[in-house]
Amino acid sequence: MLTRRGQGFLLVGILGIGMAFFFGARSLNAVVGPILVALVVGYVQLKRTSHPNLDVSAPSVGFRGDEATVTLDFSAPDPFAGRVSLGLGDGLEYAGEPVETSIGNTVVEFDVLLAGRGEQAIGPVRVVAEDVFGLFRRTFTHQVRESILVFPQIHPVDGVSTVSALEESLGVSVRREFDQLREYQRGDPLRDVHWKSSAKRPADDLLIKEFETEEERQQIEITAEADAGRVDTVADATASIAAALLDTNIAVGLITPDGRVSPDYGDAQQTNVLTQLAHMKSGRVHERERGRADIVIRGLTGSEDAEIRFGGRTMSFDDFASSGMRSSPRSARADGGTDERGTMQNERGESR
């Protein structure tokens, strides 16, 4: 296809040929000849340009509001100048312009915003090639099958305080028989720290209470439902509370209008919960299932914050998350694990 420049060249060439017909060719050869040569060379160059090969790589999962890098790895036997653009699903955003580069053994990166939950498609990828004179344009389209599963955002929630509040309100507790003390290891729940013994040791050298068995692990069932327009709010609140509970070694189950995740614990369970919430749609769960839940999280039209119900109490998620923040929050990783941030604190709020 001719570019605007190519159309201008062609028009000048046609006018030149017409003028040569009426006034003689000798005076116009110097103008018309190079134009025709450029048109022929540009056309032949693009005609011989082959479709470049493309490998696409992107993270398989991410959190809403974060950025992810989509990498396009091109290979072409004969390099050519091109402009690369990336098509994205509705839940992915890229604010930049198409990338102009030489397409050969070329790597192009796009930093995209994960704006919406769920399975977000990547592609198609379009490469617009131009000849060396910029007269002709040819488009190569790659249909891409990559996607990113976007999880809800996870906000800081103090898991230890949450467990204490639930034990008090729901009347549940973990009954385990004490066995011995051992040194703290990464990932151990802070609720099992023996603060009195740890206070006698050097800083950051904590002791953990170890128990004989954890077969009767505490389980918490969460129900999440939302009116239209409030699903993201509920998904974020549910993901945050579930991550805090899982971080304290509690088995968590989840029911949404779209399905159920049976109670379990560990990093794999966090991934299962986040995946369920990534696909959550508006709607209500069955009244019987809502009645069995230990925690009900709802998003109602007209309310900006999620509503948290447990043990006969009702509060907003902001109030639930901010009450008794005595220990440092942890951030969830995209693979379902957790990373500690900041300093650990003891029961009196003193940093260790």
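Coordinates for the structure precede this section.
Cut-offs and rules
Residues numbered from 1 in each chain as written. Predicted model: local features only at pLDDT ≥ 70, side-chain atom pairs only at ≥ 80, totals over all residues. Heavy atoms only, no water. Axes fitted to C-alpha atoms, helices over the stretch in contact; angles between N-to-C directions. Helix = DSSP H or I, 4+ residues; strand = E, 2+ residues; numbered from the N terminus. Parallel < 35°, antiparallel > 145°, perpendicular 65-115°, else oblique. Contact = heavy atoms within 4.5 Å. Nonpolar A, V, L, I, M, F, W, Y, C, P; charged D, E, K, R; others polar. Pairing = 2+ DSSP bridges. Phe/Tyr/Trp six-rings, centres within 6.5 Å; stacked < 30°, edge-to-face > 60°. Buried < 20%, exposed > 50% of the residue type's maximum accessible area, 1.4 Å probe, protein only.

Engineer: Explain the packing of helix H5 (residues 231-247) against helix H6 (residues 267-278) to me, please; I cannot follow it from the model alone.
Structural biologist: Each pair of packed helices can be summarised by the angle the axes make with each other and by the distance between the axes. Look at H5 against H6: their axes get within 10 Å of each other, and the N-to-C directions meet at 170°. Accordingly, the angle class assigned to the pair H5 and H6 is roughly antiparallel. Along the contact surface, H5 presents Ala235, Thr238, Ala239, Ala242, Ala243 and Leu246, while H6 presents Gln269, Gln270, Val273, Leu274 and Leu277. Looking at the contact of H5 with H6, its residues break down into eight nonpolar, three polar and no charged.

Engineer: It is not clear to me how the sheet that holds strand S14 (residues 251-256) should be interpreted in this structure. Could you clarify?
Structural biologist: Strand pairs in the sheet, formed through backbone hydrogen bonds, run parallel or antiparallel to each other. Taken together, the six strands give an open sheet; going across it, the order is S15-S14-S13-S16-S17-S18, and neighbouring strands pair in mixed fashion. The sheet is open, and its two edges are formed by strand S15 (259-264) and strand S18 (313-316), each paired on a single side. Strand after strand, the sheet turns through a mean of 20° between neighbouring axes, direction not considered. Across three bridges, the pairing between strand S16 (residues 295-299) and strand S17 (residues 307-310) is antiparallel. Pairing of arginine 298 across the sheet is with glutamate 307, part of S17. On the sheet, H5 packs against strand S13 (219-226), S14, S15, S16 and S17 and is oriented at approximately 170° with respect to S13. Sitting on the sheet, H6 is in contact with S14 and S15, with an inclination near 165° to S15.

Engineer: Can you walk me through the sheet that holds strand S3 (residues 67-75) in this structure?
Structural biologist: Pairing within the open sheet is antiparallel, and its four strands lie in the order S1-S3-S7-S5. Where the open sheet ends on each side, the last strands, each with one partner, are strand S1 (53-57) and strand S5 (92-93). Relative to strand S7 (residues 106-114), S5 runs antiparallel, the two sharing two bridges. Each bridged residue has a counterpart across the sheet, and for leucine 92 the counterpart in S7 is leucine 114.

Engineer: Would you mind going over the packing of aromatic side chains with me for this structure?
Structural biologist: A full pass over the atoms with the stated rule returns four aromatic pairs. Their ring planes at 50° and their centres at 5.9 Å tell us that phenylalanine 80 and phenylalanine 140 sit as a pair that is tilted. Of this pair, phenylalanine 80 sits in strand S4 (residues 80-88) while phenylalanine 140 sits in strand S9 (residues 137-142), and the two are 60 residues apart along the sequence. Judged by relative accessible area, phenylalanine 140 falls into the buried class, the value being 3%.

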